[in-house]
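Overview (structure and organization)
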Amino acid sequence: IGLTDADVGPAYRLVLVGSRQVSLTRAQVAALPQQSAVLPIACVEGWSVAATWSGVRLTDLARLAGVNHPGGALVESIERKGSFRTADLSAAQVNDPRSMLALRVNDADLPRDHGYPARTVIPAAPGVHNTKWVNKITFTEQA
């Protein structure tokens, strides 16, 4: 996947873009109000698994970026190559109260293979649209 320890280590930053830009360390993201939800990840290869995901609601991250009524979001990964390094989320997906930037799964930090330091978990979205290794989210305001 082309990630280095520097990409996911202490130098990691999550950049939120809206009417203002905010840069957060993983510890700062972890200090924000957290939610948990039991949600499945369904892979296009035919498997599905439910897990307890914990993280920050996308709507809370949008507000930090100065977007009070999200109209959508572009999620970007640290991953340098790959067909699914970005995902365009609809307003309904961003505003679903279960949609989150997950830091933990089943009460443990995300494993690196599953998106550490942070990944999106979007209800009813195919697994490939639950972006791993997220480092930037650009929110738009509803028209």
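First things first, this report covers the structure right here in the doc. (Residues numbered from 1 in each chain as written. Predicted model: local features only at pLDDT ≥ 70, side-chain atom pairs only at ≥ 80, totals over all residues. Heavy atoms only, no water.)

Next up on the list: the nonpolar core. Counting 28 residues, the largest nonpolar core has Leu-14, Leu-16, Leu-58, Leu-61, Leu-101, Ile-137 and Phe-139 as its most contacted members. Contributing elements (two or more residues each) for this core: strand E1 (14-17), strand E2 (21-24), helix H3 (58-64), strand E5 (70-77), strand E7 (100-105) and strand E10 (134-141). Among all residues touching Leu-58, those that are not within four sequence positions of it are Leu-89, Val-94, Ser-99, Met-100, Leu-101, Ile-122, Ile-137 and Phe-139. Among the nonpolar cores identified, the runner-up in size contains ten residues, and Ala-37, Ala-102, Leu-110 and Val-121 belong to it. (Core = buried A, V, L, I, M, F, W, Y, C linked by side-chain atoms within 4.5 Å. Buried < 20%, exposed > 50% of the residue type's maximum accessible area, 1.4 Å probe, protein only. Helix = DSSP H or I, 4+ residues; strand = E, 2+ residues; numbered from the N terminus. Contact = heavy atoms within 4.5 Å.)

Attention now moves to the sheet that holds E5. What the five strands build is an open sheet, ordered E2-E1-E10-E5-E6; its pairing is mixed. Every other strand in the sheet has two partners, leaving E2 and strand E6 (86-90) as the edge strands with one partner each. Averaged over all pairs of adjacent strands, the angle between their axes in this sheet comes to 15°, without regard to strand direction. Two strands pair when backbone bridges link them, and E1 and E10 are joined in this way by three bridges, in the parallel orientation. In the strand pairing of E10, Val-17 is matched with Thr-138. (Pairing = 2+ DSSP bridges. Axes fitted to C-alpha atoms, helices over the stretch in contact; angles between N-to-C directions.)

Let us now look at the environment of Pro-33. In this fold, Pro-33 is placed in the loop between helix H2 (26-30) and strand E3 (35-42). For Pro-33, a relative accessible area of 62% gives the class exposed. Sequence separation between Pro-33 and Leu-64 is 31 residues; the distance between their C-alpha atoms is 12 Å. Sequence-distant contacts of Pro-33, defined by excluding residues within four places in its chain, comprise Gly-55 and Val-56.

Another aspect to go through is unusual backbone geometry. Note the cis peptide between Tyr-116 and Pro-117, where omega equals 20°. With respect to the helices, strands and loops of the structure, Pro-117 is situated in the loop between strand E8 (108-109) and strand E9 (119-121). Of note in this structure, Asn-106 is not a glycine but carries a positive phi near 50°. The residue Asn-106 is located in the loop between E7 and E8 in this model. Phi is positive for Asp-107, which is not a glycine, with a value near 65°. Here Asp-107 is to be found in the loop between E7 and E8.

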